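Summary of structural features
Residue strings, one per chain:
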Amino acid sequence: MIIEPRMRGFICLTAHPDGCEQNVINQINYVKSKGTIAGPKKVLVIGASTGFGLASRITSAFGADAATIGVFFEKPSAPGKPASPGWYNSAAFEKHAHKAGLYAKSINGDAFSDEIKQQTLDLIKNDLGQIDLVIYSLASPKRLHPKTGVVHNSVLKPIGDNVFTNKTVDFHTGVVSEVSISPANEEEIENTVAVMGGEDWELWIDALKAADLLAEGATTVAYSYIGPSLTEAVYRKGTIGRAKDHLEATAFTITDKLKDINGKAFVSVNKALVTQASSAIPVIPLYISLLYKVMKEKGIHEGCIEQIQRLFAERLYTAEETPIDAAGRIRIDDWEMRTDVQERVAQLWTEATAETLPLIGDLAGYKKDFLNLFGFDVAGIDYEKDVNEMVEMPA
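An account of the accompanying structure is given in this report. (Residues numbered from 1 in each chain as written. Predicted model: local features only at pLDDT ≥ 70, side-chain atom pairs only at ≥ 80, totals over all residues. Heavy atoms only, no water.)

**Some remarks on the overall build of the protein**
On a plain count of helices and strands, the protein comes out with 12 helices and 13 strands. Expected size for 395 residues packed as a compact globule is a radius of gyration near 21 Å; at 20 Å, the protein falls within 12% of this value. By its C-alpha atoms, the protein is 60 × 50 × 45 Å across when sized along the principal axes. Within the span of the protein, comprising 395 residues, buried residues form 55% of the whole. Within the protein, residue pairs in contact and separated by at least 24 positions form 77% of the contacts whose partners lie at least 6 positions apart. (Helix = DSSP H or I, 4+ residues; strand = E, 2+ residues; numbered from the N terminus. Rg over C-alpha atoms; globule rule 2.2 N^0.38 Å. Buried < 20%, exposed > 50% of the residue type's maximum accessible area, 1.4 Å probe, protein only. Contact = heavy atoms within 4.5 Å.)

**Some thoughts on the pairing of strand β9 (residues 164-170)**
Within β9, 5 of the 7 residues are buried, which leaves the element mostly enclosed by the surrounding structure. Judged from the 7 bridges that link them, β9 and strand β10 (residues 175-181) form a sheet pairing that is antiparallel. Residue pairing for β10: Lys-167 is matched across the bridge by Glu-178. A loop of 4 residues connects β9 with β10, the two strands running antiparallel in sequence, and Gly-174 in this loop sits at a positive phi of about 80°. (Pairing = 2+ DSSP bridges.)

**Quick notes on the pattern of salt bridges**
Applying the stated criterion across every chain yields a total of 26 salt bridges. Between Lys-95 and Glu-21 there is a salt bridge, with the nearest N and O atoms lying 2.9 Å from each other. Placement of the pair is Lys-95 in helix α3 (residues 85-99) and Glu-21 in helix α1 (residues 17-33), with a sequence separation of 74 residues. Classification of Lys-95 as partly exposed rests on a relative accessible area of 35%. Using a relative accessible area of 18% as the deciding quantity, one classes Glu-21 as buried. A cluster of three or more residues bridged by salt bridges with shared partners is formed by Arg-236, Asp-245, Glu-248, Asp-325, Arg-329, Arg-331 and Asp-333. (Salt bridge = Lys/Arg side-chain N within 4 Å of Asp/Glu carboxyl O.)

**Describing the side chain of Thr-68**
Looking at where Thr-68 falls in the secondary structure, it is placed in strand β4 (residues 67-72). Residue class for Thr-68 comes out buried when judged on its relative accessible area of 0%. Thr-68 has contacts with Val-43, Arg-57, Ser-60, Ala-61, Phe-93, Tyr-103, Ala-104 and Lys-105, leaving out every residue within four places of it along the chain.

**Focus: the packing of helix α6 (residues 199-210) against helix α7 (residues 239-257)**
Relative orientation of the contacting elements α6 and α7 amounts to 15°, with a least axis distance of 9 Å. What the angle tells us is that α6 and α7 run roughly parallel. Read as a crossing pair, α6 and α7 show a hand that is right-handed. Across the interface between the two elements, Glu-199, Trp-201, Glu-202, Ile-205, Asp-206 and Lys-209 from α6 touch His-246, Leu-247, Thr-250, Ala-251, Thr-253, Ile-254 and Lys-257 from α7. Residue composition of the contact of α6 with α7, by class: 5 nonpolar, 3 polar and 5 charged. (Axes fitted to C-alpha atoms, helices over the stretch in contact; angles between N-to-C directions. Parallel < 35°, antiparallel > 145°, perpendicular 65-115°, else oblique. Left-handed = near helix turned anticlockwise from the far one by under 90°. Nonpolar A, V, L, I, M, F, W, Y, C, P; charged D, E, K, R; others polar.)

**Looking at the environment of His-172**
Tracing the chain through its elements places His-172 in the loop between β9 and β10. Aside from chain neighbours lying at most four places away, what touches His-172 is Met-7, Gly-9, Phe-10, Lys-367 and Phe-370.

**Structural notes on the sheet that holds strand β13 (residues 330-331)**
Across a sheet, paired strands are connected by hydrogen bonds in the backbone, their directions being either parallel or antiparallel. The strand order across the open sheet formed by 7 strands is β5-β4-β3-β6-β11-β12-β13, and the pairing between neighbours is parallel. The open sheet terminates on both sides in strands that have one partner only, identified here as β5 (104-108) and β13. Bridge analysis of strand β3 (residues 42-46) against strand β6 (residues 131-136) gives 4 bridges, and the strand direction is parallel. Residue Val-43 lies in a different strand from β6, and its bridge partner there is Leu-133. Where helix α4 (residues 114-128) meets the sheet, its contacts fall on β3, β4, β5 and β6, and the angle it forms with β5 comes to roughly 165°.

**Description of a positive patch on the surface**
A contiguous patch of positive charge, built from Arg-6, Arg-8, Lys-75 and Lys-81, is present on the exposed surface. Within the fold, Arg-8 resides in strand β1 (residues 7-8). What makes Arg-8 exposed here is its relative accessible area of 60%. (Patch = residues over 30% accessible without salt bridge, like charges linked within 9 Å, V, L, I, M, F, W, Y side chains within 5 Å. Areas by Shrake-Rupley, 256 points an atom, 1.4 Å probe, with all protein chains shown as cover. Lys, Arg positive; Asp, Glu negative; His and termini not counted. Charge placed at Lys NZ, Arg CZ, Asp CG, Glu CD.)

**Regarding the packing of helix α2 (residues 51-64) against helix α9 (residues 304-316)**
In the contact formed by α2 and α9, the axes pass within 9 Å of each other and the chain directions differ by 50°. One finds that α2 runs oblique with respect to α9. Handedness of the α2/α9 crossing: right-handed. Of the residues in α9, those in contact with Gly-51, Phe-52, Ala-55, Ser-56, Ile-58, Thr-59 and Ser-60 of α2 are Cys-304, Ile-305, Gln-307, Ile-308, Gln-309 and Phe-312. Residues of the contact of α2 with α9, tallied by class, amount to 7 nonpolar, 6 polar and no charged.

**Focus on helix α12 (residues 363-373)**
Listed as buried for α12 are Leu-363, Gly-365, Tyr-366, Phe-370, Leu-371 and Asn-372. Gly-375 occupies a position one or two residues after α12 and carries a positive phi of about 85°.

Below, the structure written as structure tokens:
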């Protein structure tokens, strides 16, 4: 079939298998070009199919020759119906990992569930014995709690008494407008923390440790974001930020639990990037389009794979102690948060309109990155050609 992008709001309903595979190949080639990392050898990535999770799996495998297990919840293909992009990404990753002689297996299902946790434990025990790195990179709008049976839904809202109003952009049309968001109530805050906080991360580590599947000195890393004052009302000081606070506090709890095996838990604060999740947050697309323009002009722009390769090579796996900030977090948002970058973005923010944005921002780069998430607008792919939508997971 010929597969074209079909949009509904900030979601693309289709994905292109060849484009997704080429994206994976491009990331593999980047990691290989940077040389070998003296890193992990047996890696579990929870949330492994897109974004930072996929980049972590690629960096582990092709940077450190690691065996990897990926856990994700993706839609497989059906006749006449393309799979989700994460399915195509993971199938492509496995294909190229196997070609390189690397162990790579995947588990598709709800990572919040006890069932998927147990399947993963069994696979590790049977195939790898123990894990020395666990990456936690889940991004989900809801969670069925495995103990209570309650379904928690997250919301993207500010916290406080006032309605939040600021600029945003429809990245499809380039229209800059004002958006107003009512503050969250306590139940919405609690639900967002239940979905996006650290409880499930801790449950995973507890289960792995109880089964003796964590190697001596094992490391676990979860991903977070802080961002500038421009976005803090809807992000860091909003419901998502409250969840990230919980996630970051959980790192200390997990580190305490891993002391007897000399293990550590870290939260890595990453750069703002185009993801399916970030595209849904008001204000963020406009901020990212301006940020991209500034960082590209300064020659310091990074995508997911550049960020994670730098995290592994310059933070986690060096001869020195892993550098952390005063709150105990790894910071690879350091280039984004440079004073010169943020001052320039803040200046451009005041100038941003539908008319000026094509000149002062990088909306074209934003759109391209968004389409790339689904395998579209990828260089070298003939989108007018029939493609086989039926792609199986190699392992």
